[in-house]
Amino acid sequence: MWTEGRDTGLALARDNERPRNLLLKSLPLEELERLSPLLQKVPLIPRRVLQHAGLPIEHVTFIEEGLVSVLAKVDERNAVEVGLIGHDGAVGSIVVLGAGTAAFSHFVQIGGTALRVGVDDLFRMLPALPRLREALHLYLHLSWMQSAQVAACSLGHSFEQRLASWLLTAHDRCDMSDLPITQDLLARSLGVRRPTVSDAFKQLAQRGVFAKERGRVRILDRARLERIACRCYRAMCRQRDALKRSKMGGKTLIALSLVFALLEIELAVQ
Ligand SMILES: [Zn+2]
């Protein structure tokens, strides 16, 4: 498992140290002040399981830096990635919908740091944190849509397109210019054989979109990578932007975004 952090009870708001996590960043100052004494800063250790499937969820972990894969089992030995969580999200946030145990494993792809709160503490404080509850609900809604898009993508698009989408998503969510990822991990996460990743990497590198050195991938030409990526990446960006604009603006917008997402999925598999 992962290493315990030493800092408990951060005075983020008082110290003018704004969090990097987008969910926390979206909170008004008074909510951040209420929450910050409960937050514990912890390291994210690469290649560790942060949350095992089937076990109780004890913390909600807001990612500050790094990247976590959400893995669904396909058989006793193998699992594939059905979601990515970076500084846009929080591991364990499903507890706000009433889930007590994790349906999926959460594996640290890229190390970094996180701020976590115990589930009991969170529930005690949640009535005084309406904007956090709203932010988590929106995030879960978006995660559901994006997982569905990823499922459609794996059926309808080439591996090179999927890899380009994955790199763009990872780049967005961990905000690093160099991504410390290995082909082995990518092959396992995306449910393909290592040579498939290797070939796609070679082709993309030859087209000058990224350089790979010492286990790190540096994106050199993001605009070109976006043109190579399948439409799923753009669809996911649009879903995110539509939800942001709605600012929880009523059930109509949520329903419309659901319809939009289902249409995108249908088109993607044609
Ligand atoms: Zn796709």
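In short, a report on the structure. (Residues numbered from 1 in each chain as written. Predicted model: local features only at pLDDT ≥ 70, side-chain atom pairs only at ≥ 80, totals over all residues. Heavy atoms only, no water.)

## Some thoughts on the pattern of salt bridges
Then, in step 1: Inspection of every chain in the model, using the stated rule, returns ten salt bridges.
Then, in step 2: Among the salt bridges present, the one from aspartate 121 reaches arginine 124, with a minimum N-O distance of 2.4 Å. Here aspartate 121 pairs with arginine 124, and both are found in helix 3 (residues 119–125), just three residues apart, close to one helical turn.
Then, in step 3: When the shortest N-O distance is used, the salt bridge between aspartate 241 and arginine 240 registers 3.2 Å.
Then, in step 4: According to the relative accessible area criterion, arginine 240 is partly exposed, its value standing at 29%.
Then, in step 5: Here the salt bridges share partners, and the residues they tie into one network are Asp172, Arg222 and Glu226. (Salt bridge = Lys/Arg side-chain N within 4 Å of Asp/Glu carboxyl O. Helix = DSSP H or I, 4+ residues; strand = E, 2+ residues; numbered from the N terminus. Buried < 20%, exposed > 50% of the residue type's maximum accessible area, 1.4 Å probe, protein only.)

## As for the pairing of strand 4 (residues 59–73)
Then, in step 1: Strand 4 sits mainly inside the fold: twelve of its 15 residues count as buried.
Then, in step 2: Of the pairings in the sheet, the one linking strand 4 to strand 7 (residues 105–118) comprises eleven bridges and is antiparallel in character. Directly across from phenylalanine 62, in strand 7, lies its bridge partner leucine 115.
Then, in step 3: Here two bridges tie strand 4 to strand 6 (residues 90–91), and the two strands are oriented antiparallel to one another. Across the sheet, residue threonine 61 finds its bridge partner in strand 6, namely valine 91.
Then, in step 4: Taken together, the six bridges between strand 4 and strand 5 (residues 79–85) define a ladder with antiparallel strand orientation. Residue pairing across strands places lysine 73 opposite alanine 79, the latter belonging to strand 5.
Then, in step 5: Adjacent in sequence and paired antiparallel, strand 4 and strand 5 are bridged by five residues. (Pairing = 2+ DSSP bridges.)

## Some remarks on the sheet that holds strand 9 (residues 210–213)
Then, in step 1: Here three strands make up an open sheet; going across it, the order is 8-10-9 and the pairing antiparallel. Bordering the open sheet on either side are strand 8 (178–179) and strand 9, each of which pairs with just one other strand.
Then, in step 2: Two strands pair when backbone bridges link them, and strand 9 and strand 10 (residues 216–219) are joined in this way by four bridges, in the antiparallel orientation. Bridge pairing in strand 10 places phenylalanine 210 opposite isoleucine 219.

## What to know about the coordination of the zinc ion
Then, in step 1: Here the zinc ion is held by Cys153 (SG), His157 (ND1), Cys230 (SG) and Cys232 (SG), and the distances to it run 2.2 to 2.4 Å.
Then, in step 2: Geometry at the zinc ion is tetrahedral, judged from the four donor atoms that bind it and their angles of 96 to 123 degrees at the metal.
Then, in step 3: Donor residues binding the zinc ion come from one chain and are separated in sequence as C-x3-H-x72-C-x1-C.
Then, in step 4: The buried category is assigned to cysteine 230, whose relative accessible area is 1%. (Donors = N, O, S within 2.8 Å, 3.2 Å for Na, K, Ca; no water. Tetrahedral: all angles 85-135°; square planar, octahedral: opposite > 155°, others 65-115°.)

## Quick look at unusual backbone geometry
Then, in step 1: In the Ramachandran plot, arginine 47 falls in the positive-phi region, its phi being about 65 degrees despite a non-glycine side chain.
Then, in step 2: Among the structural elements, arginine 47 can be located in the loop between strand 2 (40–44) and strand 3 (49–51).
Then, in step 3: Owing to a relative accessible area of 49%, arginine 47 belongs among the partly exposed residues under this scheme.

## A short note on helix 7 (residues 194–206)
Then, in step 1: The terminal C-alpha atoms of helix 7 lie 18 Å apart, and with 13 residues this matches the ideal 18 Å at 1.5 Å per residue to within 8%.
Then, in step 2: For helix 7, every residue scored as buried is listed here: Val197, Ala200, Phe201 and Leu204. Around the axis of helix 7, the buried residues are gathered within 105 degrees of arc, so they sit on the same side.
Then, in step 3: Its buried side turned inward, helix 7 meets helix 5 (159–174), helix 6 (183–190), strand 9, strand 10 and helix 8 (222–228). (Expected span 1.5 Å × (residues − 1). Arc of directions from axis to C-beta. Contact = heavy atoms within 4.5 Å.)

## Brief notes about the pairing of strand 7
Then, in step 1: Counting buried positions along strand 7 gives eleven out of 14 residues, so the element sits mostly inside the fold.
Then, in step 2: Bridge count between strand 2 and strand 7: five bridges; the pairing is antiparallel. Within the sheet, the bridge partner assigned to glutamine 40 lies in strand 7 and is arginine 116.

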